Amino acid sequence: MDHPIILFDGVCNYCNSVCNFIIQRDPGKHFRFAHLQSPHGQELLVKYGFAPNMLDSVVLIENGRAYIKTDVTIRIAPHLTGIGRLGALLRFVPRFIRDIGYGIVARNRYRWWGKQNVCIVPTSDVQDRFLA
């Protein structure tokens, strides 16, 4: 794995919007992506000790380690351009506090932003950044 991999809920509209935000602010194409529901996503979840049905957190696989929740934002932000870099400021907030906010969004994301019946297929211009 030459590139860090971001695993996300492929049916969640909010999660897909966040991935699009990252893609637009990652001109160096540093990150790769996979749906948590995909065979690659499932394989990586199990490999890193998570339940294969875990869909309530984004997961970042980087340098042989897995990160979840707001730790993902903190690790991604320095690689982004513009406003995306502001996510790194979360490191100054204690984890238990920032993860409370994360949990509220995770529990309500379908209700607030909706979801699709199937995982959204990436467009051809970014398809090379998604694990097959």
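For the structure, check the block above.
Quick summary incoming for the structure in this document. Each chain has its residues counted from 1, following the order in which its sequence is written. Whole-chain, interface and lining totals are the exception, using all residues; otherwise, since this is a predicted model, local features are given only for residues with pLDDT of at least 70 and side-chain atom pairs are given and counted only at 80 or more. Calculation of side-chain values draws on the structure's entire complement of heavy atoms; hydrogens and water are dropped beforehand.

Strand pairing is assigned whenever DSSP detects at least two bridges linking the two strands. Numbering of helices and strands starts at the N terminus; helices are DSSP runs of H or I of at least 4 residues and strands are runs of E of at least 2. Strand order in the open sheet formed by four strands is β2-β1-β3-β4, and the pairing between neighbours is mixed. A single partner strand is all that each edge strand has here, and the edge strands are β2 (32-35) and β4 (65-68). Within this sheet the neighbouring strands show an average axis-to-axis angle of 25°, counted without direction. Sheet topology places strand β1 (residues 5-8) next to strand β3 (residues 59-62); three bridges connect them, and they run antiparallel. Fitting a line to C-alpha atoms yields each axis, with helices limited to the stretch in contact; the angle taken between N-to-C directions then spans 0 to 180 degrees.

This part is about the pairing of β2. Of the two faces of β2, both are covered, the one formed by Arg32 and Ala34 as well as the one formed by Phe33 and His35. Note: β1 against β2, four bridges, orientation parallel. By the bridge assignment, Ile6 is partnered in β2 with Phe33. Whether a crossover is right-handed comes down to one check: with the strands pointing away from the viewer, does the path from the first strand over the helix to the second run clockwise; if it does, it is right-handed. In this view, the connection linking β1 to its parallel neighbour β2 by way of helix α1 (residues 13-24) has right-handed handedness. Exposed residues in this analysis have more than 50% of their type's maximum accessible area, buried residues have under 20%, and partly exposed residues fall in between, with area computed by a 1.4 Å probe over protein chains only.

As a further point, take the packing of aromatic side chains. Between 30 and 60 degrees the pair is tilted, below 30 it is stacked and above 60 it is edge-to-face, where a pair is any two Phe, Tyr or Trp rings, Trp via its six-membered ring, whose centres lie within 6.5 Å. A full pass over the atoms with the stated rule returns four aromatic pairs. Plain terms: the ring middles of Trp112 and Trp113 are 5.7 Å apart, the flat faces sit at 75° to each other, and that makes the pair edge-to-face. Members of the aromatic cluster, joined through ring pairs, are Phe8, Phe33 and Phe130. Of note, Arg75 hangs over the ring of Tyr67, and the distance from its end group to the ring centre comes to 4.2 Å. Counting as a charge over the ring demands two things of the Lys NZ or Arg CZ atom: a distance within 6 Å of the ring centre and an angle within 35 degrees of the ring normal. Taking the ring centre of Tyr110 as reference, the NZ or CZ of Arg109 above it sits at 4.6 Å.

That is the geometry; function is a separate question.
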